[in-house]
Amino acid sequence: MHSTVRELFAGNDRHVEAVCETFDELQAAQHPEVVTVCCGDSRVLQDDMWDNHQPGRIFTHSNIGNRVVQETNASRVVTGDVLYPLVHTETHTAIVVGHTGCGAVTAAYRDLTEGIEEPVGIEYCVHLLEHDLEPGVEALPDGLDETQAVNRLVEYNVDRQVDHLVTSEHVPENVTIVGVVYDFQDVYTPRRGCATVVNVDGTRETETLRDQHPEIADRVRRLWEY
Ligand SMILES: [Zn+2]
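Residues numbered from 1 in each chain as written. Predicted model: local features only at pLDDT ≥ 70, side-chain atom pairs only at ≥ 80, totals over all residues.

**Student:** So what's going on with the overall build of the chain? Which residues, and what values?
**Tutor:** The secondary structure content of the chain amounts to 6 helices and 7 strands. Helices and strands appear in the chain in the N-to-C order α-β-β-β-β-α-β-α-α-α-β-β-α. Taken over the C-alpha trace, the chain has a radius of gyration of 18 Å; the compact-globule value for 226 residues is 17 Å, and the two agree within 12%. Expressed as lengths along the three principal axes of its C-alpha atoms, the size of the chain is roughly 55 × 50 × 45 Å. Burial analysis of the chain (226 residues in total) assigns 32% to the buried set. Intrachain contacts of the chain at a sequence separation of at least 6 include 65% that bridge at least 24 residues. (Helix = DSSP H or I, 4+ residues; strand = E, 2+ residues; numbered from the N terminus. Rg over C-alpha atoms; globule rule 2.2 N^0.38 Å. Buried ≥ 20, exposed ≤ 12 C-beta atoms within 10 Å, placed from the backbone. Contact = placed C-beta atoms within 7 Å.)

**Student:** Could you give an account of the pairing of strand β7 (residues 194-200), with specific residues and numbers?
**Tutor:** Each regular strand displays side chains that alternate between the two surfaces of the sheet. When you tally the buried positions in β7, you get 6 out of 7 residues, the bulk of the element. Two elements, strand β6 (residues 176-183) and β7, share 6 bridges in a ladder whose sense is antiparallel. Its bridge partner being in β7, V178 is matched across the sheet by V200. (Pairing = 2+ DSSP bridges.)

**Student:** Residues and numbers for the packing of helix α4 (residues 120-139) against helix α5 (residues 146-167), please.
**Tutor:** Interhelical geometry of α4 versus α5 gives an angle of 125° and a closest axis separation of 9 Å. If you check the angle between α4 and α5, you find them oblique. The element α4 and its partner α5 pack so that their crossing is right-handed. The segment α4 lies against α5, with L129, D132, L133, G136 and V137 engaging L153, Y156, N157 and R160. (Axes fitted to C-alpha atoms, helices over the stretch in contact; angles between N-to-C directions. Parallel < 35°, antiparallel > 145°, perpendicular 65-115°, else oblique. Left-handed = near helix turned anticlockwise from the far one by under 90°.)

**Student:** Run through the environment of G103, naming residues and quoting values.
**Tutor:** With respect to the element layout, G103 can be found in helix α3 (residues 103-113). As a C-alpha pair, G103 and D41 span 62 residues in sequence and 8.2 Å in three-dimensional space.

**Student:** A description of the sheet that holds strand β1 (residues 34-39) should follow, citing residues and the corresponding values.
**Tutor:** Adjacent strands of a sheet pair through backbone hydrogen bonds, lying either parallel or antiparallel. The 5 strands are arranged β2-β1-β5-β6-β7 in an open sheet whose pairing can be described as mixed. Where the open sheet ends on each side, the last strands, each with one partner, are β2 (58-63) and β7. Mean inter-strand twist for the sheet, computed between neighbouring axes without regard to direction, equals 25°. Running at roughly 165° to β1, helix α2 (residues 80-88) makes contact with β1, β2 and β5 (93-99) of the sheet.

**Student:** Account for the packing of α3 against α5, with residues named and values stated.
**Tutor:** Put simply, α3 and α5 touch, their axes get as near as 9 Å, and they point 110° apart. Between α3 and α5, the angle falls in the class roughly perpendicular. Two secondary-structure elements touch here, α3 through V105, T106 and Y109 and α5 through A149, V150, L153, V154 and N157. The residue makeup of the contact of α3 with α5, split by class, is 6 nonpolar, 2 polar and no charged. (Nonpolar A, V, L, I, M, F, W, Y, C, P; charged D, E, K, R; others polar.)

And the structure:
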């Protein structure tokens, strides 16, 4: 067996020690406080970024590009992976987590600007992102290099995923939806690993966000007002 697998199981033994007793109250049901939708990127630790080690607290979903929609034969809808806790486990907060330097956003940007070839499964994911990002690519300020363009589109993508949740007829009215960008490239602040708030319930004007949510005002920042 590859040493990685052995090391992972050793880690699981430590995990068992840490969580064993916390399942007493959770064996029959879950009522997570929040669902997070994160890019699957290995540099973004979906529970650790909130310092969460408590089973039952965060319902996690990840995919490349932190998308909340899927395509059915009829339409684009909020994916069941995200809807499930909002509809079935009394979860009233959803957080969309994008991140600086996102490879999926980069792929969508390159495909929209120069065209790329990918296996059909990846193409499907990138295509879903492109649908949301195309107007953003057109609206980008002139003179940006690719890194700068991608990081603005990361923010734009979080906005679009928040919008999908805000406008979905299937997401309950009382759900609060927060959009953040996780930064390990010193783009927003030098605090690598910091989650910056860019959107709450579809509002993205920074002054409005700070006024409406003073408790998180110091975390509100944007790269791109458009
Ligand atoms: Zn990513």
